[in-house]
Amino acid sequence: MASAQSGTLYRGREGMWSWVAHRISGMLIFLFLLVHVLDTALVRVSPEAYNEVIGHYKTIVFGLGEIGLVGAVLFHALNGLRLILVDFWSKGTQHQRGMFWGVVIVWVVLMAGFLPRHLIHMFGA
Amino acid sequence: MSTPITSIPDPSTRYRRTGLRGPNMEMLSWMFMRASGLLLVILIFGHLFVNLWLGEGVKGIDFGFVAGKWANPFWQVWDLLMLWLGLIHGGNGVRTIINDYARSNRLRLVLKGLLYFAVVVTIVLGTLVIFTFDPCPVGADPSLLPSLCEG
């Protein structure tokens, strides 16, 4: 935690919350990545072992978890691109707030595309 | 009476947060996060598109699906890059988080030790799996294998 006794210059609003969301989404993705490499490694054990474990990904609970995971990945990716622009584009810092809302809009559009398709895959319409 | 000598830096002098100058590990790590991040956006969007969007999505993933992909060197290289870049990028991110929040030296050391162990083991395991994978294991149930194993 920041230990500043007084306020800090950058506290609050889109700049701080995008940073917080970037950390949390990154941490979640990293933990999933460790598990995901382990479950994929089961292809070296046997087709049955892999199919058994990967079958869990097709259940409702995991299916909903995948929506959260894809949401976290998309946010982290889009906000990461914003971060690169903030760092390397000469006008980046001036437009960081606008770019944050751009990230939110693109995220909503991509999720609106993914969500129905994933639900159809899961529940087989 | 002598005039006191005061030294005021030139206003155009850039201030330095640290004494570090030129390329150093923290700067390389900062650069790596941006470069690998850009590549990972492409790699992971492609991965999600092929595995979760095309065909039957998550319902279509089984041994045959993975074996069909890894029979192609293109997807082997794709997944290998994703594995290495993803784990180093993620590991470096978690290293930053540990440095920020773990305040005792010992806790930082323990957490980073566990982190590096997990990253190295996962990278080595994943790399071995990609390179030693056999899409048509001897004695396996033929109905679980990809079509390329027939004949």
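Procedures and definitions
- Residues numbered from 1 in each chain as written.
- Chains lettered and ligands numbered in written order.
- Predicted model: local features only at pLDDT ≥ 70, side-chain atom pairs only at ≥ 80, totals over all residues.
- Heavy atoms only, no water.
- Helix = DSSP H or I, 4+ residues; strand = E, 2+ residues; numbered from the N terminus.
- Rg over C-alpha atoms; globule rule 2.2 N^0.38 Å.
- Areas by Shrake-Rupley, 256 points an atom, 1.4 Å probe, with all protein chains shown as cover.
- Lys, Arg positive; Asp, Glu negative; His and termini not counted.
- Charge placed at Lys NZ, Arg CZ, Asp CG, Glu CD.
- Core = buried A, V, L, I, M, F, W, Y, C linked by side-chain atoms within 4.5 Å.
- Buried < 20%, exposed > 50% of the residue type's maximum accessible area, 1.4 Å probe, protein only.
- Contact = heavy atoms within 4.5 Å.
- Buried area = accessible area lost by both parts, 1.4 Å probe.
- Salt bridge = Lys/Arg side-chain N within 4 Å of Asp/Glu carboxyl O.
- Polar contact = N/O pair within 3.5 Å; in protein donor to acceptor, adjacent residues only side chain to side chain.
- Patch = residues over 30% accessible without salt bridge, like charges linked within 9 Å, V, L, I, M, F, W, Y side chains within 5 Å.
- Phe/Tyr/Trp six-rings, centres within 6.5 Å; stacked < 30°, edge-to-face > 60°.

Trainee: How should the overall build of chain B be read in this particular structure?
Mentor: Along the backbone of chain B there are four helices and zero strands. Order of helices (α) and strands (β) in chain B, N terminus to C terminus: α-α-α-α. Here chain B has a C-alpha radius of gyration of 25 Å; the compact-globule value for 151 residues is 15 Å, and the former is much larger. Taking the principal axes of its C-alpha atoms as reference, chain B extends roughly 105 × 35 × 25 Å. Within the structure as shown, chain B displays about 10,000 Å² of accessible surface, and the carbon and sulfur contribution to it stands at 68%. Looking at charge distribution, chain B has the averaged site of its 12 positive side-chain charges lying 24 Å from that of its 9 negative ones.

Trainee: Even after reading the chapter, I still don't get the nonpolar core, so can you show me in this structure?
Mentor: When a protein is soluble and globular, its nonpolar side chains tend to lie buried together. If you look at the biggest cluster of nonpolar residues, it comprises 31 residues, and the most contacted ones within it are Val43, Tyr50 and Val70 of chain A together with Phe63 and Trp70 of chain B. Broken down by secondary-structure element, the contributors of at least two residues to this core are helix 2 (47–54), helix 3 (60–88) and helix 4 (96–123) of chain A together with helix 1 (25–53), helix 2 (63–70), helix 3 (73–101) and helix 4 (105–132) of chain B. Sorting elements by how many residues they give to this core places helix 1 of chain B first, with five residues.

Trainee: When you look at the interface of chain B and chain A in this model, what are you seeing that I'm missing?
Mentor: Size of an interface, as often reported, equals the accessible area lost when the parts are brought together. Tallying the contact residues gives 48 residues for chain B and 40 residues for chain A. Between chain B and chain A, a total of about 3,700 Å² is buried, with carbon and sulfur atoms accounting for 74% of that surface. The three residues of chain B that bury the most area against chain A are Trp53, Val58 and Lys59 of chain B, which together make up 16% of that side's buried surface. Connecting chain B to chain A are two salt bridges. Residues aspartate 87 of chain A and arginine 34 of chain B are paired through a salt bridge, measuring 2.6 Å at the closest nitrogen-oxygen approach. One can count eleven residue pairs in polar contact (both at pLDDT 80 or more) joining chain B with chain A.

Trainee: What is the right way to read the environment of threonine 6 of chain B from this model?
Mentor: Residue and element names in this part refer to chain B. Counting through the fold element by element, threonine 6 comes out in the segment before helix 1. The exposure class of threonine 6 is exposed, given its relative accessible area of 62%. For the pair threonine 6 and glycine 93, spaced 87 residues apart in sequence, the C-alpha to C-alpha distance is 44 Å.

Trainee: What exactly am I supposed to notice about the pattern of salt bridges here?
Mentor: Two side chains carrying opposite charge are able to pair once their charged atoms lie near each other. Residue and element names in this part refer to chain A. Tallied over the full model, the rule gives five salt bridges over all chains. Close ionic contact of arginine 13 with glutamate 14 constitutes a salt bridge, the shortest N to O distance being 3.2 Å. Judged by relative accessible area, which is 52%, arginine 13 ranks as exposed. The class for glutamate 14 is buried, based on a relative accessible area of 9%. The network of salt bridges with common partners includes Arg13, Glu14 and Arg97.

Trainee: What's the story with a nonpolar patch on the surface in this structure? I'm lost.
Mentor: Residue and element names in this part refer to chain A. A cluster of nonpolar side chains, namely Ile60, Leu64, Leu115, Leu119 and Phe123, defines an oily patch on the protein surface of about 440 Å² accessible area. Those elements that place two or more of their residues in the nonpolar patch are helix 3 and helix 4. Residue placement: leucine 64 occurs in helix 3. Accessibility expressed as a relative area gives 48% for leucine 64, which makes it partly exposed.

Trainee: How should I be thinking about the packing of aromatic side chains in this particular structure?
Mentor: The relative placement of two aromatic rings is captured by the distance of their centres and the angle of their planes. Scanning the entire structure with this criterion turns up ten aromatic pairs over all chains. When the ring of tryptophan 75 of chain B is compared with that of tryptophan 78 of chain B, the centres are 5.1 Å apart and the planes differ by 55 degrees; the resulting orientation is tilted. One end of the pair, tryptophan 75 of chain B, and the other, tryptophan 78 of chain B, are both in helix 3, three residues apart, so they sit about a helical turn from each other. For tryptophan 75 of chain B, a relative accessible area of 15% puts it in the buried group. Each member of the aromatic cluster is reached from another via a ring pair, and the members are Phe32, Tyr57 and Phe62 of chain A.

Geometric descriptors of this kind do not, in isolation, establish any biological role.
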